[in-house]
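# Survey of secondary and tertiary structure
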Amino acid sequence: MIGVMIFGARCEAEAPGASEKFAKLCEQMVKTQIEARGVKSKIVLDALRKVERHKFVPQTYQRQAYEDHPLPIGEGQTISQPYIVALMTEVLDLDSTKKVLEIGTGSGYQAAVLAEICHQVYTIELIEVLGKRAEKLLADLGYENIRVRVGDGYKGWKEYSPFDAIIVTCAPSHIPRPLKDQLAEGGKMVIPVGETFNQKLVLLAKKQGKIVEENIIPVRFVPMMRHDGKEY
Ligand code: SAH
């Protein structure tokens, strides 16, 4: 067996020609799954072109990294489908001045996409091994504008609030109050809400202190969990 199957050992030499092959698959992904479905924001499309998604999945799944579906990342969790990552990023109206909070770091892929666009990214992961692995990977890839914390994202990250945007990539049954409170005036939050694997993606905007909600599409995310393993 060549190489060990260590998820996280990103700096191993790739097979000759592998990075060109992955770059082609990435370009195809952006064209056929994302642009074709109506995502237009150039900064979002460019960010998806830049982040090497195969580096965020376990080695056994690398060949599927650019396919049109979520993939397992260990601990019963998944990296979201590329289109969902693009759509959620686009609806937040981000730019290089923005400070964004992500709940559910998982592999770190969504955080990397956000970091390509925004000034600063804060991301919280409940499961320690995932949070630590993502933190190391993002540092190895050279991201200096991402802060990873292991903890319960339900409570947000008050110390760095308010946030211009909040993106939640695990699904609670209701929108956490602390996250609404930590959203800046004029800010946007995108969050899947509902029962296990049957949720709607909701976009919230804070305007003059009031929250306006809009449903986007039906989605299937892993549930938002508490420390005791119960679901929110
Ligand atoms: N954004 C991720 C996808 C993560 S899947 C990516 O790009 O890969 C959702 C993640 O949310 C899982 O890793 C899960 O452990 C995490 N999660 C679940 N409940 C949480 C909570 N209360 N706080 C923070 N993270 C949570």
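Use the structure listed above.
Quick look at the structure, then. These figures come from a predicted structure and were not determined experimentally.

## Observations concerning the sheet that holds strand β8 (residues 198-207)
Pairing within the open sheet is mixed, and its seven strands lie in the order β5-β4-β3-β6-β7-β8-β9. Edge positions in the sheet fall to β5 (146-150) and β9 (210-219), since each has one partner strand and no second. Across the sheet, the mean angle from the axis of one strand to that of its neighbour is 15°, orientation sign disregarded. Pairing of strand β6 (residues 163-168) with strand β7 (residues 183-195) involves four bridges; the strand directions are parallel. In the strand pairing of β7, F163 is matched with L183. Lying on the sheet, helix α5 (residues 128-140) is in contact with β4 (120-125) and β5; it crosses β5 at an angle near 165°.

## Some points on unusual backbone geometry
The step from S161 to P162 runs through a cis peptide bond, and the omega angle for that step is 0°. Here P162 shows up in the loop between β5 and β6. We note that E75 has phi near 60°; this positive angle belongs to a residue other than glycine. As for its position among the elements, E75 is in the loop between β1 (71-74) and β2 (77-79). Positive phi, normally seen in glycine, also occurs at Q208, with a value near 50°.

What counts, and at which threshold
- Residues numbered from 1 in each chain as written.
- Predicted model: local features only at pLDDT ≥ 70, side-chain atom pairs only at ≥ 80, totals over all residues.
- Heavy atoms only, no water.
- Pairing = 2+ DSSP bridges.
- Helix = DSSP H or I, 4+ residues; strand = E, 2+ residues; numbered from the N terminus.
- Axes fitted to C-alpha atoms, helices over the stretch in contact; angles between N-to-C directions.
- Contact = heavy atoms within 4.5 Å.

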